Amino acid sequence: MKNILITALTIIVSTFAYSEMKPFEGTIYLVGSHLQSHGSTDLNQEGIIYFYMNNLPGACGTTHKRIAVTTNHPLFNTFSAMILSAHAQSATVNGLYIDSCTYRSDAWDLAVLAIKQ
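In this text the structure is predicted, and so the values were computed from the model without any measurement.

A. Region of interest: the side chain of histidine 73. Position of histidine 73 relative to the elements: it lies in the loop between strand E4 (66-70) and helix H2 (76-89). Residue class for histidine 73 comes out buried when judged on its relative accessible area of 17%. Leaving out residues up to four positions away in the same chain, histidine 73 has contacts with Phe79, Tyr103 and Leu110.

Structure below.
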């Protein structure tokens, strides 16, 4: 059932996205969060949550094996809760990332996320 859901979401999301969607699966070993600009306290900027997984390729030509999403994303709260829950449980996650680094120049853009038990 989850594979059908991910396939359907891939088709829907890929019709709106210009970049290629890539699947991922594994466990999250590190979660972090910061403002768009590390050295600023300007509260008018976006926040970012990101997570690292060993089996991801380095994002956009870097060595950072991570996926990110910003606070202006409509699913930010949902994604954040799922990421933290999966990390706390050492649960396997899978989903899709967009083959671009829009949110952060060294992190893949998150598109779809699911937690497996």
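The discussion continues.
B. Fine view of the sheet that holds strand E5 (residues 92-98). A sheet is described by the order of its strands in space; here 6 strands give the open sequence E1-E5-E6-E4-E3-E2, paired in mixed fashion. The open sheet is flanked by strand E1 (21-27) and strand E2 (30-35), the only strands paired with a single partner. The sheet shows a mean angle of 35° between the axes of neighbouring strands, direction not considered. Packing against the sheet, H2 makes contact with E2, strand E3 (47-52), E4, E5 and strand E6 (108-116), and its axis sits at approximately 55° to E6.

Scoring rules and cut-offs
- Residues numbered from 1 in each chain as written.
- Predicted model: local features only at pLDDT ≥ 70, side-chain atom pairs only at ≥ 80, totals over all residues.
- Heavy atoms only, no water.
- Helix = DSSP H or I, 4+ residues; strand = E, 2+ residues; numbered from the N terminus.
- Buried < 20%, exposed > 50% of the residue type's maximum accessible area, 1.4 Å probe, protein only.
- Contact = heavy atoms within 4.5 Å.
- Pairing = 2+ DSSP bridges.
- Axes fitted to C-alpha atoms, helices over the stretch in contact; angles between N-to-C directions.

These figures come from the coordinates and say nothing about function on their own.
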